[in-house]
Amino acid sequence: GEDLKWVDPASGKETKVELTMLYGSDYASVFSPEKKALDDIKILLMKKYGIEIILDGVDRLSFAKKLKSRSGWDMALVKFDFGWSGNVAPILRSNSRYNYSSYSSPILDRYFVDFTSSDYRKRNEAIKQIHRHCHENLPYLFLWHIKPEVFYRKILKNISITPQYFFTTIGKWEIKGR
């Protein structure tokens, strides 16, 4: 594709679009599926739109420092684990230290207040509204894959385990006598 150019409205000067993608080299290591996804995105954006992606893979400590500085990068591949609660408030709530993109929505912030309510009806409605708001306003682009890892002893029989966060189930199982 043709190179995408940004035109400065004040001067009329055209500039090639180059974006820096920050990522942790320990998370997206050389042969990992995450690194392959980054390489594929880089190729696709250049071929289709002429956007140059500069991949900036750094160690864990440098990644945290660069991410928190909020400068020197345009996009970042960040791994989040929301745990059993599925609480996304830390990355979406305005002024949260984990909201690296500085996303801000007073509407969403109000839903997060209701999300912590002891009234289950209010909380359930807030969850629906959070999902609806994020669907309509797309604060982040989430890329994920499920790579289940299950470890159990041979004394367990008839076990069926599904990945933790999607349709979590453990089938009917038993412990074999020793």
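Residues numbered from 1 in each chain as written. Predicted model: local features only at pLDDT ≥ 70, side-chain atom pairs only at ≥ 80, totals over all residues. Heavy atoms only, no water.

1. Things to note about the layout of surface pockets
Computed from the structure, the second largest pocket encloses a volume of approximately 350 Å³. The element that contributes the greatest number of residues to the lining of the second largest pocket is helix α2 (residues 60–69), accounting for five residues. (1 Å grid on protein atoms, 1.4 Å probe; cavity = no way out; pocket = protein on both sides within 12 Å on 5 of 7 lines; lining within 4 Å. Points joined across faces, edges and corners; volume = space filled by probe spheres on them. Helix = DSSP H or I, 4+ residues; strand = E, 2+ residues; numbered from the N terminus.)

2. Looking at the packing of aromatic side chains
A complete count under the given rule lists one aromatic pair for this structure. With a centroid separation of 6.5 Å and 90 degrees between ring planes, the pair formed by Y98 and Y100 is classed as edge-to-face. Of the residues examined, Y98 reaches a relative accessible area of 33% and is grouped as partly exposed. Take Y100: its relative accessible area is 12%, and that puts it in the buried class. (Phe/Tyr/Trp six-rings, centres within 6.5 Å; stacked < 30°, edge-to-face > 60°. Buried < 20%, exposed > 50% of the residue type's maximum accessible area, 1.4 Å probe, protein only.)

3. A word on the environment of E125
Assignment of secondary structure puts E125 in helix α5 (residues 120–137). Along the primary structure E125 and D114 are separated by 11 residues, whereas in three dimensions their C-alpha atoms are 8.3 Å apart.

4. Comments concerning α2
Sitting at the head of α2, D59 places a side-chain oxygen 3.1 Å from the backbone nitrogen of L61. Positioned one or two residues after α2, R70 has a phi angle of 55 degrees, which is positive. (Polar contact = N/O pair within 3.5 Å; in protein donor to acceptor, adjacent residues only side chain to side chain.)

5. Re the sheet that holds strand β5 (residues 75–77)
Strand order in the open sheet made by the three strands is β4-β3-β5, with parallel pairing throughout. At either margin of the open sheet sits one strand with a lone partner, and together these are β4 (52–58) and β5. Each strand of the sheet is rotated relative to its neighbour by a mean of 25 degrees, with strand direction disregarded. In the sheet, strand β3 (residues 18–24) pairs with β5 via three bridges, with the strands oriented parallel. Its bridge partner lying in β5, M21 is registered against M75. Along the sheet face, helix α1 (residues 33–49) touches β3, β4 and β5 and points at about 160 degrees away from the line of β4. (Pairing = 2+ DSSP bridges. Axes fitted to C-alpha atoms, helices over the stretch in contact; angles between N-to-C directions. Contact = heavy atoms within 4.5 Å.)

6. What about unusual backbone geometry?
Unlike most non-glycine residues, N95 shows phi in positive territory, near 65 degrees. Note that N95 resides in the loop between α3 (89–92) and α4 (106–115). Relative accessible area serves as the criterion here: at 80%, N95 is assigned to the exposed category. Of note, the phi angle at S102 is positive, near 65 degrees, even though the residue is not glycine.

Honestly, that's just the spatial picture; any functional story needs more than this.
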